[in-house]
Amino acid sequence: MKKVHYISTLFYYDSPQVFDARDDIGGRYVGVAVTRPDGRDGYLVKGVKPGSLNAFRAGETDLKAMLLEVDADEWYLADAEFDVDVPIKLEPQNASLVDSGYLPDDGFLLREPPAGSYAFKESRKRNNSAMDAIADAE
């Protein structure tokens, strides 16, 4: 049975909704709160690329895109009740993650994108020029 070690909670609402974990050889995983087929609370746990996890933490990629970036047929379920000091036991799943109904909606970001990024995108669409400046107030 595969096991991962809890690292930190990335999003909390009444309980951890999204957390990151690591396996024994350093692989990175993300757990997302779900309701299991039997009605119990649990977590969808999926291996992710370290760079994608960093981009998710920075608000540069959304949760669903990160989860689908690596093989969508290799994913797990875990019980919601776990001790952060004890490895989390993962139950491998046979169905495709895409068809599972467990994927989060598009657009779930940990941080709002910087206001400037929207302004620059809109500026480019309209063929207007825009400049980013940093003022150092001393």
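Residues numbered from 1 in each chain as written. Predicted model: local features only at pLDDT ≥ 70, side-chain atom pairs only at ≥ 80, totals over all residues. Heavy atoms only, no water.

Chemist: When you look at the confidence of the model for the protein in this model, what are you seeing that I'm missing?
Modeler: Detailed reading of predicted coordinates is not advised where the pLDDT is low. The share of residues in the protein with pLDDT of 70 or more is 81%, and the mean pLDDT across the chain is 85. The low-confidence segment residues 133-138, where pLDDT is below 50, has zero contacts with residues more than four positions distant or belonging to other chains. (pLDDT = per-residue confidence, 0-100. Contact = heavy atoms within 4.5 Å.)

Chemist: Please clarify how unusual backbone geometry should be interpreted in this entry.
Modeler: For residues other than glycine, phi is negative in most cases, and the peptide bonds are mostly trans. Positive phi values are uncommon outside glycine, yet D14 reaches one of about 70°. Structurally, D14 can be placed in the loop between β1 (3-12) and β2 (16-22). Given a relative accessible area of 66%, D14 falls into the exposed group. (Helix = DSSP H or I, 4+ residues; strand = E, 2+ residues; numbered from the N terminus. Buried < 20%, exposed > 50% of the residue type's maximum accessible area, 1.4 Å probe, protein only.)

Chemist: Help me understand the pairing of strand β5 (residues 75-79) in this model?
Modeler: The side chains of a regular strand alternate between both faces of the sheet. Of all the five residues making up β5, four are buried; the element is thus mostly covered by neighbouring parts of the structure. Here five bridges tie strand β4 (residues 41-48) to β5, and the two strands are oriented antiparallel to one another. By the bridge assignment, L44 is partnered in β5 with L77. Relative to strand β7 (residues 91-92), β5 runs antiparallel, the two sharing two bridges. For L77, the partnering residue across the bridge sits in β7 and is E91. (Pairing = 2+ DSSP bridges.)

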